[in-house]
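Below are the chains, spelled out letter by letter.
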Amino acid sequence: MRHSFLPIQEQKIFKKEYLYHIAVVALFLLAATGLVGVCSLFPAYIYVYIEGSSINDTIVSSGKDKNISEILGIEKELRSDMLLINSLSESFSSIRYSDLIEQITSARGPISIDSIRFESISTSTATIFLSGTAPTRESLISFKTRLETLNKGNKVDLPISGLAKNKDISFSLKVIKSLQ
Amino acid sequence: MQSSLFFKLFPPPAFLVMQHAGLDISDDGIRCIEYRRNYHGLTISKFASQEFPVGLVENGEIKDEKEFSTILSDFIAKNNLLYVKVSIPEEKAYLFQTDVQSLDFKSIAQNIEFKLDQNVPLSAPDALFQFDLMPQTVVGNLLRASVSVVPRTYIEHYVALIRATGAFPVAFEVVPKSIVLSYVSHNSNSTQLVVHIMKKKTGFYIVSEGVVCFTSTISWGSDEIPLTKISDFSINTIMNEINKVYSYWTTRSDVHSDISEVIVVGSRAKECESLIRNQNSEIIPRSALPDVWHNAFNINKYIPAITKAQSLEYAIAAGLAL
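Every chain begins its residue count from 1, and numbering advances along the sequence as written. Chains and ligands are labelled sequentially in the order written, the chains with letters from A and the ligands with numbers from 1. For a predicted model such as this one, the threshold for reporting local features is a pLDDT of at least 70, and the threshold for listing and counting side-chain atom pairs is 80 or more; totals across whole chains, interfaces and linings nevertheless cover every residue. The side-chain numbers reported here are obtained from all heavy atoms of the structure, hydrogens and water having been left aside.

A. The overall build of chain B, seen in detail. For the purposes of this entry, the term helix denotes a DSSP run of H or I that reaches at least four residues, the term strand denotes a run of E that reaches at least two, and both are numbered from the N terminus. Helix and strand content of chain B: 10 helices and 15 strands. When accessible area is computed with a 1.4 Å probe and restricted to protein chains, residues below 20% of their type maximum are described as buried, those above 50% as exposed, and intermediate ones as partly exposed. In chain B, which comprises 322 residues, the share counted as buried stands at 53%. Here, two residues are considered to be in contact whenever any of their heavy atoms come within 4.5 Å of each other. Expressed as a percentage of contacts within chain B between residues at least 6 apart in sequence, the contacts between residues at least 24 apart total 66%. We get accessible surface area from the Shrake-Rupley algorithm with a probe of 1.4 Å; when it comes to residues, only the shown protein chains can shield them. For chain B, the exposed area adds up to about 14800 Å²; of that, 51% sits on carbon and sulfur atoms.

See the structure below:
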C-alpha cells in the first residue's frame, strides 16, 4: 500500500474510508444480530406473556374464591356468634336456678327438702316439684303459704293425701312460680 | 487470481471489499474493467472504452485539461465507477534496477529511497516509487529490485482530477506492470518481450520472472498499419526495435534467461502479431498473443463478453482491475 504510487495523504484518506466501511459493516452486523435475537426471542416472549397472563388470571380468580370463602366463613362465624350471644342473652334474661332454690330454701323453715325438680321453665313461669318431709301438718301448710307469698302469682298444689298424717309428713309439692 | 476456500465459502460483503476498477488512461483513450467475485472466481462486471479526440493527451501529458476532465467525469459517471486503479504511461515513469540487501520490506524500501537520486532525475521528496524483487538472488544476500519512479506532482495532479469526478483512486500502476499483472503467471520464470502497440506509439517491455526489467517506446503506432492488404505491409520499424532490445538483453551479463517469446498486446495486436510471425526472424524465437484473463479466470469455464481481439486492447485495464 505504501508503495502503490499513492501519496501518503491519499493513503490516509483511503484507510479512513476503509475504517468507515468496517464500522458500517460492524454496526450492520450488530443490528442484524440484535434483530435476529429479538426475532428468536419473540415466540418465547409471547409464550411467557400468555403464561403470565394465565397465571395472573388464576391468581385473581383464586383470590376472589378465597374472598368469597372468607366472607362465607365470617358469616358462619358471625351466625354462630349470634346464636351464642342469643343463647347467652336468653340465659342472662331468664331467672337463675340458684336464685329460685335460694328463695325456696329461705322459705322452708323446719321443713326438710329432699329434692327440687325444675320442669317447663318459660319466660313467665317455672314449674317446680318439691319433695321432702315436714315435722308437722301446720309447718307444711305454713311452708305452702310462704311459697305462695314469695312472688305475686305463685301457685302451690299440695295434695290432700299429704295432710293425712300429723307428724313427719312426706310431701310432694308442685309450685308454679311466677317469674315476672 | 486464486482465493482461499474460506473466502469462497464466506465471501466478505461487497461494501467491505471495495472492489476497484482498472482504469487505463492512455493517449488513445480510456478503458475500464471491473471484476466481480463469485463462488467460481472472478467474472467481468463492467467494461467500457472511450476514445480521446486526437491530441488531447500526448505522451501522457494532458493538453486540454477542461475537456479531459469532462470526458473523464462522463466516463466515470456513465460506468458508475467509485474506486479506480489508474495506469501511468510508461513515458512518465523511470525504471531502473538495483541490488539490495535481502531484509524486510521496509528496510529494502528505505535502501532504494537512498538510491533514487543516483538513478533518476528526481529527489526523494519529489518522487513516488514502487519496486518488485526478482525471485532469484544475485549474489549472496543481495536481491535484484526493479524500481519504478514517478514524479509526485504528476500523481497528485491525476489524484485531483479523479477526485473531482467523484471517483476514488486506490492506487496507480505503470503500464508495463499492469500488462504483466494480467497474463503472467505468479510462478513464471521465463523472459518475454512485450510489444504494446498503441495508435501513435509502441512500447517494448522485457519481463523476466514476472518483473519488468526494461522499457522503451518508439513513435510508431497501429495507425500506420493499413486497413486493407495488411499482408503486404512491412513492419521494419518494429522489427528493428525488437532486434535492438533483444541484442541489449542478450549482452547483459546479469540475465538469468534469454527472451523466449514476443508477446503482442494493444491496438490491432492480432494483425501485428501475424505480421511479426510472417517476418520469420531468426532472432525472435516465437510470437504469441497473451491470454489477458489468465490471472482473472479460466476462459474455458467463463466466456467474457469481450472478444479475444478486443481483450488485447483491455490488457492494461484487466491487469489493473485485479
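B. Examining the interface of chain B and chain A more closely. Taken residue by residue, the interface counts 29 residues in chain B and 16 residues in chain A. Note: buried area is the sum, over both parts, of the accessible area (probe 1.4 Å) each one loses when the two are combined. Summed over both partners, the interface of chain B with chain A buries about 2000 Å², with 73% contributed by carbon and sulfur atoms. When the area that chain B buries against chain A is broken down by residue, the three leading residues are Phe15, Leu16 and Met18 of chain B, summing to 28%. Criterion for a salt bridge: a side-chain nitrogen of Lys or Arg within 4 Å of a carboxyl oxygen of Asp or Glu. The interface formed by chain B and chain A holds one salt bridge in total. In this structure, Arg163 of chain B engages Glu10 of chain A in a salt bridge whose closest nitrogen and oxygen atoms are separated by 2.8 Å. Only α2 (14-17), β6 (83-88), α4 (105-119), β8 (127-137), β9 (142-151), α5 (152-164) and β10 (168-174) of chain B provide two or more residues apiece to the side of chain B that touches chain A. Per-element accounting of the side of chain B that touches chain A gives the leading share, seven residues, to β10 of chain B.

C. Local environment of the nonpolar core. With 33 residues, the main nonpolar core has Leu23, Ile25, Phe68 and Phe172 of chain B as its most contacted residues. At six residues, the largest contribution of residues to this core is made by α5 of chain B. Put simply, buried Ala, Val, Leu, Ile, Met, Phe, Trp, Tyr and Cys residues joined by side-chain atoms within 4.5 Å make one nonpolar core.

D. Quick peek at a nonpolar patch on the surface. Patch members must show over 30% relative accessible area and no salt bridge, and they are joined within 9 Å when carrying like charges or within 5 Å when they are nonpolar side chains of Val, Leu, Ile, Met, Phe, Trp or Tyr. Side chains of Leu5, Phe6, Phe7, Leu9, Phe10 and Tyr39 of chain B sit close together on the surface and give an oily, nonpolar patch of about 690 Å² of accessible area. Structurally, Phe6 of chain B is set in helix α1 (residues 5-9).

E. Expanded view of the environment of Ile179 of chain B. Residues and elements named next belong to chain B. As for its position among the elements, Ile179 is in helix α6 (residues 175-183). Taking relative accessible area as the criterion, Ile179 reaches 0% and is therefore assigned buried. Separated by 86 residues in the primary sequence, Ile179 and Val265 have C-alpha atoms spaced 8.5 Å apart. If near-sequence neighbours (up to four positions away) are discounted, Ile179 is found in contact with Val194, His196, Tyr205, Val265, Ala315 and Ile316.

F. Looking closely at helix α7 (residues 236-251) of chain B. Residue and element names in this part refer to chain B. Here α7 contains 16 residues, and its C-alpha end-to-end distance of 22 Å stays within 8% of the 22 Å for a straight helix at 1.5 Å per residue. Residues Ile238, Met239, Glu241, Ile242, Val245, Tyr246 and Trp249 constitute the buried set of α7. Projection of α7 onto a plane perpendicular to its axis shows the buried side chains occupying an angular sector of 160°, all on one side. Among the exposed residues of α7, those oriented more than 90 degrees off its buried face are Lys244 and Thr251. For a helix, the expected span equals 1.5 Å multiplied by the residue count minus one. Relevant arc is that of directions from the helix axis to the C-beta atoms, nothing else.

G. Inspection of the side chain of Ser208 of chain B at higher detail. Tracing the sequence through the fold places Ser208 of chain B in strand β12 (residues 202-208). Excluding residues within four positions of it along the chain, Ser208 of chain B makes contact with Met134, Ser190, Thr191, Cys213, Trp249 and Ser257 of chain B.

H. Representation of the packing of aromatic side chains. Aromatic pairing here means that ring centres of Phe, Tyr or Trp (its six-membered ring) are within 6.5 Å. Orientation follows from the plane angle: under 30 degrees is stacked, over 60 is edge-to-face, and everything else is tilted. A full pass over the atoms with the stated rule returns 16 aromatic pairs over all chains. Between Phe14 of chain A and Tyr83 of chain B, the ring centres sit 6.3 Å apart and the planes meet at 75°, which makes this aromatic pair edge-to-face. Of the two residues, Phe14 of chain A is situated in helix α1 (residues 8-93) and Tyr83 of chain B in strand β6; the pairing between them involves two chains. Note on Phe52 of chain B and Phe68 of chain B: the rings are 5.5 Å apart at their centroids and 50° apart in plane angle, and the pair reads as tilted. Taken together, the residues Phe52 of chain B in the loop between β3 (41-51) and β4 (57-58) and Phe68 of chain B in helix α3 (residues 65-78) connect sequence positions 16 residues apart. For the residue pair Phe52 of chain B and Phe68 of chain B, the accessibility class agrees, reading buried in each case. Site record: aromatic cluster; members linked through ring pairs are Tyr35, Trp293, Phe297 and Tyr302 of chain B. A ring is considered to have a charge above it if a Lys NZ or an Arg CZ atom is located within 6 Å of its centre and within 35 degrees of its normal. Stacked on the ring of Tyr314 of chain B, the Lys or Arg Arg31 of chain B has its end atom at 5.8 Å from the ring centre. The ring of Phe168 of chain B has Arg163 of chain B lying over it, and the distance from NZ or CZ to the ring centre is 4.8 Å.

I. Quick peek at unusual backbone geometry. A positive phi angle is found at Asp168 of chain A, which is not glycine, with a value near 45°. Even without being a glycine, Met18 of chain B presents a positive backbone phi close to 55°. Position of Met18 of chain B among the secondary structure elements: in the loop between α2 and β1 (21-25). Taking the relative accessible area as the measure of exposure, Met18 of chain B reaches 6% and is therefore buried.

So yeah, pure geometry; function would need other evidence.
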